[in-house]
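# Topology and contacts: notes
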Amino acid sequence: MIIKKLQSVHGGVFPGAAYNEKKVLEGVAELAGYANIDGNFLHTLRTLHGVGIDGSKEVERYLQGRSETYGNTRSTQWQLHLALSCKGQEKNKEQLVSIAHAMMREYGMGCQPYFIYFHHDTENNHVHILTTRITEKGRLMSDHHDYRRLNAALNRVVCEDQQNDIRRMFGYSFTTEGQLMNIAREFNYKVGESKEGNGILSFYHGGAETIRVRRSDIEARIAEVKTDKRDIARREETAKRLKAIIIKYRELSLKQAPYSDDDQKMKSEGKEEEHAKTKKELMKRKKVKILPEVKKLTDAKGKPLSKLEQYQMQWFIDELRNKFGIAVHFQKDKNGVVRGYGIVDHNNKVALNGSEVMKLADIIGITEWKAAQESKAIRKTTKRVDKTSSVSKAKPSDNVKLPAWSNKGVEQSDIPKWADLWNNRDLHSGANDSDSDRVKKTSASDTGTSQNRTATRPSFDNRSQAPASKENETPKETVKATIYSSDSTLDIYRPMFRARACSVNGKNIVRMELDGKTYDHTITDNQTEWYCKAPAEAHDDIAIRLAVFYFYKEIYESYRRQLAEAYVKVGGNALELPEGDVRCYKLMNGLWRVAFDSNGSTIHYDLTDQESRMMNRLDGNKAAFNETKVRLFKEHVARDEANAIVRNLRYDDIGVYPSYASKDDAPDKIASFISQHQQLMQRLMSVLTHYTGNGFNREFEVGGKRGRWDDIDDERRFKGGMSM
């Protein structure tokens, strides 16, 4: 386990809210835990997550509201942003959240309001913890030695896991303390002499001492490995296998380049700064980070490696780790010069010195090493050839001639069959025929085959190839005038406003009447010509397009206000609440409050004076009292949700704007902008519309619920269909 504190910022801001909420919006993170957070705010945040709206401003506003200093401090470093990570998928979401809660209590911030976000966009499962350093009394919590204190708190929480780590380390095969140190580095530990001495080694995690081990136990384990014949044979086999792998992948590394074609394409498209949305995309776009030890490597002449050679060496090290579980650790002297390396093979659980496998100089200069090996092999083969050439071989004399084949003196049974067939070859081939007869036969056979070919050749009717007469020509289709049909994509605007193009005081304008107000804007000559040359049936559609092109923000705000009012009216009916779970009680100031427990937190609303007087009148009537308290709670929930959505759906934050690259915008540019604006309107309608089985993440709603991932997928499809 590793815990890391992200960089602090001044100004009383919380940029960690935007970072985590953006990940939630992309679908690669989720709000997995929290503590000391108001139930009303949690319901608001879940509502925004359920409909796929960025809630970073709400989170930052809430933490700033909980960071009142009351003049007790002048510091503006309020944010505390932590990242808690495990190796691979050793811990799942629930385990990481539980460790995060325990670690915050051990660190002394268990009473602070904090959020826990689980991220699954990297190879390692991890959570982010976002909180404020300002206490409830307005005092600033100290961050002195925070790195050591955070790791000490984490070590106290995961002490059992650390004991298991020590057992796993001693399960490896090692013959020196240096090899054990390399194994410990793989488990994120550092080994050093204990402060007390007395032959004790201490294992440090995050700068804090975690476990102590007697040196005698380590020496006993080393002696056991050195005397075990099976272990010795396993180490030798592992060394041979590692050498073959190193040679193969070191040669492949020489063919690697720092930038592939995909990277250059993404860089040209300006996508290198975008966050990966899937693990597959992350691995594809993963950049090689060169270790400091690799930068200090030198070649046979003592010169440092070039950037290309450093990249190739780092690629080689990463491939060994990712594909075979082989970790390479470099050893440096007091001056920081790399003198050797060690290997930890996790698959076979063996730690080796680099010299047991292959020298570091040979790995760096693999080309020269391979050439030397080939020259040795050639010298060995030449020596063998010289030895064999010294031995004389018998050769046939040039004067000896082989006898010709003859049937004389050979019995008929001794003559091979193929010789008899050769002598009688004239009987089978017509030896009595003359050369002219053979030519005639061959020509006759050829003509026969040609006649057969012509006989089987299909015959074409010449009449079918004759040109068609004018009487048989098909008449040409006559173009008929098409009737204009209204554009269905503009139906969302028709009930909202009226638009028309006209001339006022010698200026061509487009006029829109919306919510009892009139809006005018001048149009260009090309737009006027477009309107005038179109048929009369198309004038309404063109006027609507021009109105949306110039008054897009006013139309959006009006539509948002109408949907929010409808949301509040219909929202109460869409909720299903158990009557007995809603509480209604009177406060000390005489007003009433309605409350509901949901998912470990309480959602409560203070009633107004008029609503409180109504509850006073119904206090004696139990049936009417229960019915009224449920109705009021539903109305407050719907109004709270509508306000949260409207507050975070401003056009300036999420809208698209028309392109004014030229003074005369062409109709295709206007149509493109209208399609984008229409998608925004439909998105707004889907967010602020109640229907059965909607996407709002109410824990107290019964039946007809969609998963929150369905809404995030809808948000992705919505973004993917827009051309910003």
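Whatever comes next refers back to the structure up there.
Residues numbered from 1 in each chain as written. Predicted model: local features only at pLDDT ≥ 70, side-chain atom pairs only at ≥ 80, totals over all residues. Heavy atoms only, no water.

## Points about the sheet that holds strand β17 (residues 601-606)
Ordered in space as β15-β16-β17, the three strands form an open sheet in which the pairing is antiparallel. The open sheet has two edge strands, β15 (582-586) and β17, and neither has a second partner. Each neighbouring strand pair of the sheet contributes to a mean axis angle of 25°, computed without reference to strand direction. Two elements, strand β16 (residues 592-598) and β17, share six bridges in a ladder whose sense is antiparallel. Among the inter-strand pairings, S598 is bridged to a residue of β17, identified as S601. The sheet contacts of helix α23 (residues 622-647) involve β15, β16 and β17, and relative to β17 the element is tilted by about 100°. (Pairing = 2+ DSSP bridges. Helix = DSSP H or I, 4+ residues; strand = E, 2+ residues; numbered from the N terminus. Axes fitted to C-alpha atoms, helices over the stretch in contact; angles between N-to-C directions. Contact = heavy atoms within 4.5 Å.)

## Description of the nonpolar core
The biggest cluster of nonpolar side chains holds 49 residues, and the ones touching the most others in it are Y493, F497 and I555. For this core, the secondary-structure elements that each account for two or more residues are β12 (498-504), β13 (507-514), α20 (539-550), α21 (552-574), α23 and α25 (667-687). A per-element tally of this core places α20 first, with eight residues. The contact partners of Y493, leaving out residues within four places of it in the chain, are I544, V548, I555, I674, H677, Q678 and M681. (Core = buried A, V, L, I, M, F, W, Y, C linked by side-chain atoms within 4.5 Å. Buried < 20%, exposed > 50% of the residue type's maximum accessible area, 1.4 Å probe, protein only.)

## Quick notes on the sheet that holds strand β11 (residues 350-353)
Taken in spatial order, the three strands make up an open sheet running β9-β10-β11, and their pairing is antiparallel. Bordering the open sheet on either side are β9 (326-332) and β11, each of which pairs with just one other strand. Sheet twist, expressed as the mean angle between neighbouring strand axes with direction ignored, is 20°. One ladder, built from seven bridges, connects β9 with strand β10 (residues 338-345); its direction is antiparallel. Bridge pairing links F330 to Y341 in β10. Packed on one face of the sheet, helix α7 (residues 177-186) meets β9, β10 and β11 and runs near 120° to β9.

## Here we look at the packing of aromatic side chains
Tallied over the full model, the rule gives 19 aromatic pairs. Their ring planes at 90° and their centres at 6.3 Å tell us that Y172 and F187 sit as a pair that is edge-to-face. Of this pair, Y172 sits in the loop between α6 (159-170) and α7 while F187 sits in the loop between α7 and β6 (190-193), placing them 15 residues apart in sequence. Residue class for Y172 comes out buried when judged on its relative accessible area of 6%. (Phe/Tyr/Trp six-rings, centres within 6.5 Å; stacked < 30°, edge-to-face > 60°.)

## Quick word on the environment of L48
As for its position among the elements, L48 is in helix α2 (residues 39-50). Put simply, L48 and E641 are 593 residues apart on the chain and 8.4 Å apart in space, counted from C-alpha to C-alpha. Ignoring any residue separated from it by four or fewer positions in sequence, one finds L48 in contact with I53, G55, E58, A644, I645 and N648.

## Looking at empty space enclosed by the protein
Tallied over the entire structure, the rule returns three cavities of 30 Å³ or more. Roughly 50 Å³ of volume is contained in the largest cavity. Lining of the largest cavity is provided by I246, M313, F316, L320, V328, F330, Y341, I343, L360 and I363. A per-element tally of the lining of the largest cavity places helix α13 (residues 307-324) first, with three residues. Of the residues belonging to the lining of the largest cavity, the class tally is ten nonpolar, no polar and no charged. (1 Å grid on protein atoms, 1.4 Å probe; cavity = no way out; pocket = protein on both sides within 12 Å on 5 of 7 lines; lining within 4 Å. Points joined across faces, edges and corners; volume = space filled by probe spheres on them. Nonpolar A, V, L, I, M, F, W, Y, C, P; charged D, E, K, R; others polar.)

## Some thoughts on a positive patch on the surface
Together, K376, R379, K380, K383 and R384 make up a positively charged patch on the protein surface. Structurally, K380 is set in helix α15 (residues 366-390). (Patch = residues over 30% accessible without salt bridge, like charges linked within 9 Å, V, L, I, M, F, W, Y side chains within 5 Å. Areas by Shrake-Rupley, 256 points an atom, 1.4 Å probe, with all protein chains shown as cover. Salt bridge = Lys/Arg side-chain N within 4 Å of Asp/Glu carboxyl O. Lys, Arg positive; Asp, Glu negative; His and termini not counted. Charge placed at Lys NZ, Arg CZ, Asp CG, Glu CD.)

## Structural notes on the pairing of β15
Taken together, the five bridges between β15 and β16 define a ladder with antiparallel strand orientation. Looking at β16, one finds that Y585 is bridged to R593. Between β15 and β16, which pair antiparallel in sequence order, lie five residues; one of them, G590, sits at a positive phi of approximately 95°.

## A few points about unusual backbone geometry
Positive phi is not limited to glycine here, since N36 has a value of about 60°. Looking at where N36 falls in the secondary structure, it is placed in the loop between β2 (29-35) and α2. With phi around 55°, Y70 is a residue other than glycine that occupies positive phi space. Mapped onto the elements, Y70 comes out in the loop between α3 (56-65) and β3 (79-85). Accessibility expressed as a relative area gives 60% for Y70, which makes it exposed.

## Side note on the pattern of salt bridges
Where charged atoms of side chains with opposite charge meet at close range, the side chains can pair. The tally for this structure, following the rule as stated, stands at 32 salt bridges. A salt bridge links D217 to R214; the shortest N-O distance between them is 3.4 Å. On the accessibility criterion, R214 (52% relative accessible area) is exposed. Here K370 and E251 are joined by a salt bridge, their closest N and O atoms 3.0 Å apart. Within this pair, whereas K370 is found in helix α15, its partner E251 is found in helix α9 (residues 229-253), the two being separated by 119 residues in sequence. Here E251 falls in the partly exposed class, since its relative accessible area comes to 26%.

## Some words on α6
Its twelve residues give α6 an end-to-end C-alpha distance of 17 Å, which sits within 8% of 16 Å, the value for a rise of 1.5 Å per residue. Within α6, burial applies to Q162, D165, I166, M169 and F170. Buried residues in α6, looked at end-on, bunch into an arc of 130°, giving them a common side. More than 90 degrees from the buried face of α6, the exposed residues found are E160 and R167. Looking at the buried side of α6, the elements it contacts are α5 (146-157), α7, β7 (200-205), β8 (208-214) and α8 (215-227). (Expected span 1.5 Å × (residues − 1). Arc of directions from axis to C-beta.)

## Points about the side chain of D640
By the element assignment, D640 lies in helix α23. Once residues within four sequence positions are removed from consideration, D640 is found in contact with N40, T44 and Y605.

## Side note on the pairing of β12
Pairing of β12 with β13, which is carried by seven bridges, proceeds in the antiparallel orientation. Each bridged residue has a counterpart across the sheet, and for C502 the counterpart in β13 is I509. In this antiparallel pair of consecutive strands, β12 and β13, the connection spans two residues, and N505 shows a positive phi of 55°.

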